[in-house]
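Coordinates in review
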Amino acid sequence: GHRLVTLVGVGGIGKTRLALQLAAGVTDAYADGVWFADLAPVSDPRLVANAVASTLGVREEPGQPIIGALQRYVADRTLLLVLDNCEHLLLACAQLARDLLHAGQKLTILATSREPLHLSGEVTLPLATLPSPNPAGGHPLAALSEYAAVRLFLDRAVAVRPNFALTHENATAVARICHDLDGIPLALELAAARARSMSVDTIADHLTDRFALLKGRDRTALPRQQTLRAAIDWSYDLLAPPERTLLQRLSVFAGGFAFDAAEVVGAGDDIDPSDVLDLLGQLVDKSLVAFSVQRERYRLLETVRQYARERLAEAGGEAKSRDRHLEFYVALAQRAKAEFGGPRQDMWHARLDAERENILLAFDRARIAAGGGAAGLAMVCGFNQWFGWGL
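Residues numbered from 1 in each chain as written. Predicted model: local features only at pLDDT ≥ 70, side-chain atom pairs only at ≥ 80, totals over all residues. Heavy atoms only, no water.

This brings us to helix H7 (residues 171-180). Within H7 the residues assigned to the buried category are Ala171, Ala173, Val174, Ala175, Ile177 and Cys178. On its buried face, H7 sits against helix H5 (141-144), helix H6 (148-160), helix H8 (185-193) and helix H9 (200-205). (Buried < 20%, exposed > 50% of the residue type's maximum accessible area, 1.4 Å probe, protein only. Helix = DSSP H or I, 4+ residues; strand = E, 2+ residues; numbered from the N terminus. Contact = heavy atoms within 4.5 Å.)

The next thing to look at is helix H19 (residues 372-382). Along H19, the residues that are buried comprise Gly372, Ala375, Gly376, Met379 and Gly382. What you see down the axis of H19 is that its buried residues fit within an arc of 130°, all on one side. Away from the buried face of H19 by more than 90 degrees, exposed residues Gly373, Ala374 and Leu377 are located. Looking at the buried residues of H19, the elements they touch are helix H16 (318-339), helix H18 (356-366) and helix H20 (384-387). (Arc of directions from axis to C-beta.)

A few words now on the confidence of the model for the chain. Predicted confidence across the chain gives a mean pLDDT of 92, with 96% of residues reaching 70 or more. Helix H10 (residues 210-213) is the least confidently modelled element of the chain, averaging 79 in pLDDT, while strand S3 (residues 79-84) averages 98, the highest of any element. (pLDDT = per-residue confidence, 0-100.)

Moving on, we get to the nonpolar core. Residues Phe153, Ile177, Leu247, Leu250, Tyr329, Leu352 and Met379 are the most contacted members of the largest nonpolar core, which totals 91 residues. Not counting chain neighbours up to four residues away, the residues in contact with Leu352 comprise Leu332, Ala336, Phe340, Ile359, Phe383 and Trp386. Leu4, Ile66, Cys93 and Ala94 belong to the second largest nonpolar core, which has 33 residues in total. (Core = buried A, V, L, I, M, F, W, Y, C linked by side-chain atoms within 4.5 Å.)

Another point: the pattern of salt bridges. Inspection of the entire model under this criterion finds 27 salt bridges. A salt bridge links Glu243 to Lys286; the shortest N-O distance between them is 4.0 Å. Of this pair, Glu243 sits in helix H12 (residues 241-250) while Lys286 sits in the loop between helix H14 (276-285) and strand S7 (290-292), placing them 43 residues apart in sequence. Pair check on accessibility: Glu243 and Lys286 agree, each one buried. A salt bridge links Arg365 to Asp323, with the nearest nitrogen and oxygen atoms 3.0 Å apart. Here Arg365 is found in helix H18, whereas its partner Asp323 is found in helix H16, with 42 residues between them in sequence. Asp323 gets classed as partly exposed once you look at its relative accessible area, which sits at 34%. (Salt bridge = Lys/Arg side-chain N within 4 Å of Asp/Glu carboxyl O.)

Here it is as structure tokens:
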């Protein structure tokens, strides 16, 4: 129903596979065919049009820009053009899509990218990770097999170990793997490949060092699809320096976080508090931070969080970011103490329930931080009514 649709999602989520599946399913609707242009190998924005021309078999005319030949080619043709991997060539891809869509009224473009093209008329389809079970849920085997992440893991594990099966003995480990890997298809496939030489319990136990563990052996795969680290590297390398810094600092949160927390933890040094909102929005656009409208909270996928945490440690900023995190939750405790028993009690109860993991993390930091004793005491006093809620 739309002439420009962009599939958007974090690296390894399966944008290319879905685009190929969609394209295969609609070939009969396009009299002049479905064409797939892989832009991942293209590093020069000036060569995007040439790559598409090569895909379509359009020849460059001497002395004439290739875009003119492309526009004439699509002018009277009914075709679907898939532009795959646009994130590192956003402006060039947006300009090309605009020029071709204006020239060809029967042209449809399906793009894949880690962020939207930001073109008028574009419809974005954000891809979610695969549904995963709660490892503490004690699911029956049949119910566990209903989760898409589990089905993918089992399918790939059987491919490398034909006698592999989901059993009562390994069910908890399989659930842990799917949950801890956030349901990211690439991560699940790389983990399943390890089933050839490791038990699922061992795989699950080693996910704390997932970037060392999750490496593939498919030599035909693109370099950024051969390891989990390379998949995240690809996204990280496209970030502007302030975006990288903010992503690193956000990695100190446990679970989700609200904007007021991000503003305190993310600001400082080279990032002004007034810039955090825009930078955070850019990270959401680039599929590195997820935002829940219903809960008004942000979160990093655990895989992205671990990666950003490593980068934060390399930059030497972990201690300062953890201290800002503690500072925010001390201030939150003081606000809670003043308002918890008033008309906003239900709001505070919901907020502090959502912050449980971060509050525990702040107490952990207070144990070793300078002035941590006073900070810990302030949090105990401030959160006291919440601690006793329902007792």
